[in-house]
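Structural description and commentary
Each chain, letter by letter, is given below.
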Amino acid sequence: MFEKIIYYSGINYLYKKLFQRPHIICVGYHSVRPEALAEVPYSHLVVNTRDFENQLEYLKNSGYKFISIKDLKSLKRIDDKYILVYFDDGFKDVVDYALPILKKYEIRGTVFVVTDYTSGKSNPWNEKNTFMTWGDIRENLNNLDFQSHTVSHRKLSKLDEEDIMKELTLPREVIMKETGEEVFAISYPHSSFNKRIQELAIEQDYDITIGNGRGLNFDLGKHLKKIPTSKMSNINDFKVRTGILYLLNNTIKRK
Ligand SMILES: [Zn+2]
């Protein structure tokens with residue numbers, strides 16, 4: 001509702017046209033599926049393929065540059081409008097349904113995998129929405145980057161320091177062993193973080209952490225905010241979310 005009011009007031013349009021300076025947006029997805037297959041557990045996290053493509057098309061036409069996580073890591077300054085497209089949890093439907101669309105737009109996406117789920121050790125979902133296996137991941141290394149969403153997907157802010165350390169360090173070893181790829185980025189499960197977790201992530205040599213609150217990133221630091229998407233994101237909501245929404249939200253909350 002808030003999104004609709006902002007959209008139809010025209011304030012989002014004016015903000016995008018007149019005031020916006022170079023920035024990075026990390027747009028976070030989970031599942032992408034055709035509408036007919038969207039009824040799965042946690043279906044509020046499913047974006048259907050048509051909406052997904054409309055969102056990418058909108059970003060492209062708005063002059064955003066899609067950046068891979070490796071290019072983001074080596075970016076020296078924010079001199080343009082960049083988008084990182086990423087997927088949390090490592091659902092199989094990302095390679096089945098999102099990847100063909102990513103290829104069409106020449107976008108290299110990042111998947112943040114939960115190493116316990118990927119290894120089949122603990123799967124809290126039913127078989128209607130499965131996770132990628134290491135085989136799926138190795139098959140797609142040419143098109144996607146794979147980084148860490150921890151071992152177990154627990155809220156890091158609820159864990160003691162020893163467990164936090166395991167969640168930070170083990171995925172790096174496992175993903176490296178299974179894919180040969182360096183792990184330098186983490187997406188916090190449930191966007192759960194605090195100052196100590198941020199410090200530990202830096203101590204453990206993470207160059208990029210995602211999920212440090214919601215919003216656009218105007219400064220190039222290691223701790224990036226995200227813009228979440230969900231089933232509800234129609235294209236107008238999406239324009240507002242990637243526009244002025246979180247700036248307004250933060251301003252209103254601070255008062
Ligand atoms: Zn997650």
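Preceding this section is the structure that the text describes.
Read on for a plain summary of the structure. (Residues numbered from 1 in each chain as written. Predicted model: local features only at pLDDT ≥ 70, side-chain atom pairs only at ≥ 80, totals over all residues.)

What follows covers the overall build of the protein chain. On a plain count of helices and strands, the protein chain comes out with eleven helices and ten strands. Taking 255 residues into account, the globule formula puts the C-alpha radius of gyration at 18 Å, and the protein chain, at 18 Å, falls close to it. Here the C-alpha coordinates of the protein chain stretch approximately 50 × 40 × 30 Å along the principal axes. Looking at the protein chain residue by residue over its 255 residues, the buried ones come to 38%. For the protein chain, long-range pairs separated by at least 24 residues make up 67% of all intrachain contacts whose partners lie at least 6 apart in sequence. (Helix = DSSP H or I, 4+ residues; strand = E, 2+ residues; numbered from the N terminus. Rg over C-alpha atoms; globule rule 2.2 N^0.38 Å. Buried ≥ 20, exposed ≤ 12 C-beta atoms within 10 Å, placed from the backbone. Contact = placed C-beta atoms within 7 Å.)

This part covers the environment of isoleucine 25. Tracing the chain through its elements places isoleucine 25 in strand S1 (residues 23-29). Overall, the presence of 23 C-beta atoms within 10 Å leaves isoleucine 25 in the buried class. Separated by 14 residues in the primary sequence, isoleucine 25 and isoleucine 11 have C-alpha atoms spaced 19 Å apart. Sequence-distant contacts of isoleucine 25, that is, excluding residues within four places in its chain, are made with Ile83, Leu216, Ile227 and Thr242.

Relative to the 18 Å expected for 13 residues at 1.5 Å per residue, helix H3 (residues 49-61) spans 18 Å between its end C-alpha atoms, a close match to the ideal helical length. Residues Thr49, Asp51, Phe52, Gln55, Leu56 and Leu59 constitute the buried set of H3. Looking down the long axis of H3, one finds its buried residues gathered within 165° of arc, a one-sided arrangement. Facing away from the buried side of H3 by over 90 degrees, the exposed positions are Arg50 and Asn61. Among the structural elements, strand S2 (31-33), strand S3 (46-48), strand S5 (81-89), helix H5 (93-104) and helix H10 (235-241) are those in contact with the buried residues of H3. One or two steps after H3, the chain reaches glycine 63, where phi turns positive at roughly 85°. (Expected span 1.5 Å × (residues − 1). Arc of directions from axis to C-beta.)

Quick look at the pairing of strand S7 (residues 144-148) now. For S7, the buried fraction is high: five of the five residues fall into the buried class. Inspection of the sheet shows strand S6 (residues 109-113) paired to S7 by five bridges, in the parallel sense. In the strand pairing of S7, valine 111 is matched with phenylalanine 146. (Pairing = 2+ DSSP bridges.)

Two elements in contact, helix H8 (residues 161-179) and helix H9 (residues 195-203), have axes separated by 10 Å at closest approach and are oriented at 40°. By the angle between their axes, H8 is oblique relative to H9. As H8 runs across H9, the sense of the crossing is right-handed. Packed against H8, whose contacting residues are Ile164, Met165 and Leu168, the element H9 presents Ile197, Leu200 and Ala201 at the interface. When grouped by side-chain class, the residues that make up the contact of H8 with H9 number six nonpolar, no polar and no charged. (Axes fitted to C-alpha atoms, helices over the stretch in contact; angles between N-to-C directions. Parallel < 35°, antiparallel > 145°, perpendicular 65-115°, else oblique. Left-handed = near helix turned anticlockwise from the far one by under 90°. Nonpolar A, V, L, I, M, F, W, Y, C, P; charged D, E, K, R; others polar.)

To continue, consider the packing of H3 against H5. Two elements in contact, H3 and H5, have axes whose closest approach is 10 Å; the angle formed by their N-to-C orientations is 25°. When the axes of H3 and H5 are compared, the pair comes out roughly parallel. Two packed elements cross with a definite hand, and for H3 against H5 that hand is right-handed. The segment H3 lies against H5, with Thr49, Phe52, Glu53 and Leu56 engaging Tyr97, Ala98 and Ile101. Of the residues in the contact of H3 with H5, the class split is five nonpolar, one polar and one charged.

Moving on, we come to the environment of threonine 110. Structurally, the position occupied by threonine 110 is in strand S6. Its 23 C-beta neighbours within 10 Å are what place threonine 110 among the buried residues. When the C-alpha atoms of threonine 110 and histidine 190 are compared, they prove to be 17 Å apart, with 80 residues separating the residues in sequence. Those residues in contact with threonine 110, other than ones at most four positions away along the chain, are Ile69, Leu84, Tyr86, Leu144, Asp145 and Gln147.

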